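Structural overview
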Amino acid sequence: MKPAQADAYLRRIGAAHPAWPTADVLRELQLRHLLTVPFENLSIHLGEEIALEEERLLDKVVGSRRGGFCYELNGAFGMLLGALGFDVTFLAARVYGEEERLGIPFDHLALRVRTVDGGDWLVDVGFGANSHYPLAFGERGEQADPGGAFRVIVAGADPAGVRGNDRRFGDLDVVRDGRSQYRLETRPRVLGDCVAGAWWHSTSPASHFTQSLVCSRLTEDGGRVTLSGRTLTVTNPDGGKEGSELATDEEVLTAYRERFGIELERVPVVRKG
């Protein structure tokens, strides 16, 4: 990433250029990203290609002021952090679904980020409602965060009977409020490893991303605003929700523009078949 691109990205999230890649800077950057860059799957329903390439990701997230899903958001953010001097490793994960069944390989992408002041952090700006701040990668106790009570723990046996206690590349479970969110591999990956996962999630009828529309971001008060199809939901910091149905296409396009900063020419519609 060129310096001018990094500066443009920082302006996109409303952050100043940091002097040093410290833990405090990382906390601020993650929060600013969650507040300004929405988690969204609109490209799937607008017929847009999901491209995991640096220039195209920057064109989408920074140039077009769009969001994306995990591969795009953590992919782009990881590139920014690397350009700012952080030590960044891409990590693959499998998301827990119903009855705690694990999803496909490369189901999710997260970041391991090391800072100059000795920090080692799990960073994730692409999992929808998640921690507002980085989680200490090596801490196995509870970590309090405005987004909930989190733990990063050694994973138990997977369906094949493989346990996550390998000293070099063992798996970890990320747990929020007592519920497993995803199983994280600690083996380093590159963004290109996730192409098959991104393709599956954007094409398979079994993927929840092809079955529904979502656009969501954190709000300044610690709540969340979400547009799912024509349903606009504002979640308060205490978990209370207020929902409303948008009757017209113009109302939907206005909500995308005013709530998420996304300018669309037409309303995305879930593809059938």
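Residues numbered from 1 in each chain as written. Predicted model: local features only at pLDDT ≥ 70, side-chain atom pairs only at ≥ 80, totals over all residues. Heavy atoms only, no water.

Digging into the sheet that holds strand β12 (residues 231-235)
- Taken in spatial order, the five strands make up an open sheet running β1-β10-β11-β12-β13, and their pairing is antiparallel. Each edge of the open sheet is held by one strand with a lone partner, namely β1 (39-40) and β13 (241-245).
- Note: strand β11 (residues 224-228) against β12, five bridges, orientation antiparallel. Across the sheet, Leu227 pairs through a bridge with Leu232, a residue of β12.
- Lying over the sheet, helix α8 (residues 249-260) contacts β10 (215-218), β11 and β12, oriented at roughly 155 degrees with respect to β11. (Pairing = 2+ DSSP bridges. Helix = DSSP H or I, 4+ residues; strand = E, 2+ residues; numbered from the N terminus. Contact = heavy atoms within 4.5 Å. Axes fitted to C-alpha atoms, helices over the stretch in contact; angles between N-to-C directions.)

Side note on the pairing of β13
- The buried count for β13 comes to zero of five residues, which makes it a mostly uncovered element.
- Two strands pair when backbone bridges link them, and β12 and β13 are joined in this way by five bridges, in the antiparallel orientation. Bridge assignment links Val234 to a residue of β13, and that residue is Glu242.
- Connecting β12 to the antiparallel partner β13 that follows it, the hairpin turn spans five residues, and Gly239 within it adopts a positive phi of roughly 95 degrees. (Buried < 20%, exposed > 50% of the residue type's maximum accessible area, 1.4 Å probe, protein only.)

Let's talk about the pattern of salt bridges
- Inspection of the entire model under this criterion finds nine salt bridges.
- Notably, a salt bridge pairs Glu49 with Arg56, separated by 2.9 Å at the nearest N-O pair.
- A relative accessible area of 37% places Arg56 in the partly exposed class.
- Note that Asp249 and Arg230 form a salt bridge whose closest N and O atoms lie 2.3 Å from each other. You can see Asp249 sitting in helix α8 and its partner Arg230 sitting in the loop between β11 and β12, a full 19 residues away along the chain.
- Beyond isolated ion pairs, a larger network of salt bridges with shared partners links Glu40, Glu48 and Arg66. (Salt bridge = Lys/Arg side-chain N within 4 Å of Asp/Glu carboxyl O.)

A word on the environment of Glu242
- As for its placement among the helices and strands, Glu242 is situated in strand β13.
- Between the alpha carbons of Glu242 and Leu29 there is a distance of 29 Å; along the sequence they are 213 residues apart.
- Excluding residues that lie within four positions of it along the chain, Glu242 makes contacts with Leu232, Thr233, Val234 and Asn236.

Topic: the sheet that holds strand β4 (residues 120-123)
- The strand order β5-β4-β3-β2-β9-β8-β7-β6 describes an open sheet built from eight strands, whose pairing is antiparallel. Here the strands that pair on one side only, and so sit at the sheet edges, are β5 (135-136) and β6 (143-145).
- Bridge count for β4 against β5 is two bridges, and the pairing is antiparallel. Note that in β5 the partner of Trp121 across the bridge is Ala136.

Shape is all these values report; function is a separate question.
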